[in-house]
Amino acid sequence: MSGKDDTMQPAIQQVIRALAEDGRAGAIGIAEHAVDAYLAGSPTEGDRTLSRDILVRDLASLRGIAPHLAGFIGRVETYVASLAHPSLSRAA
């Protein structure tokens, strides 16, 4: 990662991008853990909801900056969406 776009990205977006570009086995699991850690920093459910919304926006932005990473980003977006609707993911 280099260039002006990288310095403007939020930290979680930088982590997701680095994992996507690395392409190692288990990268999606690490990305999910990073998402969990990011959301754990929110003290209330309202804050977590806002943080999820911000993360979804950041992931969409990352998709625009690095479209070649769309597959990985889509998997992270799916994970974030499952966190927003835990009752649906438990039912599956």
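This text goes with the structure placed above it.
In this report, the structure presented in the accompanying data block is examined. Keep in mind that what you see is a predicted model, and the values were worked out from it rather than measured. (Residues numbered from 1 in each chain as written. Predicted model: local features only at pLDDT ≥ 70, side-chain atom pairs only at ≥ 80, totals over all residues. Heavy atoms only, no water.)

So, the packing of helix α4 (residues 45-65) against helix α5 (residues 70-84)
Their axes nearest at 10 Å, the elements α4 and α5 cross at an angle of 170 degrees. When the axis of α4 is compared with that of α5, the two are roughly antiparallel. On α5, the residues that touch R52, L55, V56, L59, A60, L62 and R63 of α4 are A70, I73, G74, V76, E77, V80, L83 and A84. Within the contact of α4 with α5, the residues separate by chemical class into 11 nonpolar, one polar and three charged. (Axes fitted to C-alpha atoms, helices over the stretch in contact; angles between N-to-C directions. Helix = DSSP H or I, 4+ residues; strand = E, 2+ residues; numbered from the N terminus. Parallel < 35°, antiparallel > 145°, perpendicular 65-115°, else oblique. Contact = heavy atoms within 4.5 Å. Nonpolar A, V, L, I, M, F, W, Y, C, P; charged D, E, K, R; others polar.)

Thoughts on the side chain of D58
If you trace the backbone, D58 turns up in helix α4. You can call D58 buried: its relative accessible area is 6%. D58 has contacts with P10, I12 and Q13, leaving out every residue within four places of it along the chain. (Buried < 20%, exposed > 50% of the residue type's maximum accessible area, 1.4 Å probe, protein only.)

Things to note about the pattern of salt bridges
Overall, the coordinates contain six salt bridges when judged by the stated rule. With a closest N to O distance of 2.8 Å, R24 and D22 form a salt bridge. Close ionic contact of E77 with R63 constitutes a salt bridge, the shortest N to O distance being 2.3 Å. Here R63 lies in helix α4 and E77 lies in helix α5, a separation of 14 residues in the sequence. Residue class for E77 comes out partly exposed when judged on its relative accessible area of 21%. Using a relative accessible area of 30% as the deciding quantity, one classes R63 as partly exposed. Where salt bridges share partners, they join E45, R48 and R52 into one cluster. (Salt bridge = Lys/Arg side-chain N within 4 Å of Asp/Glu carboxyl O.)

A short note on the environment of I65
With respect to the helices, strands and loops of the structure, I65 is situated in helix α4. With 48 residues separating them in the primary sequence, I65 and R17 have C-alpha atoms 10.0 Å apart.

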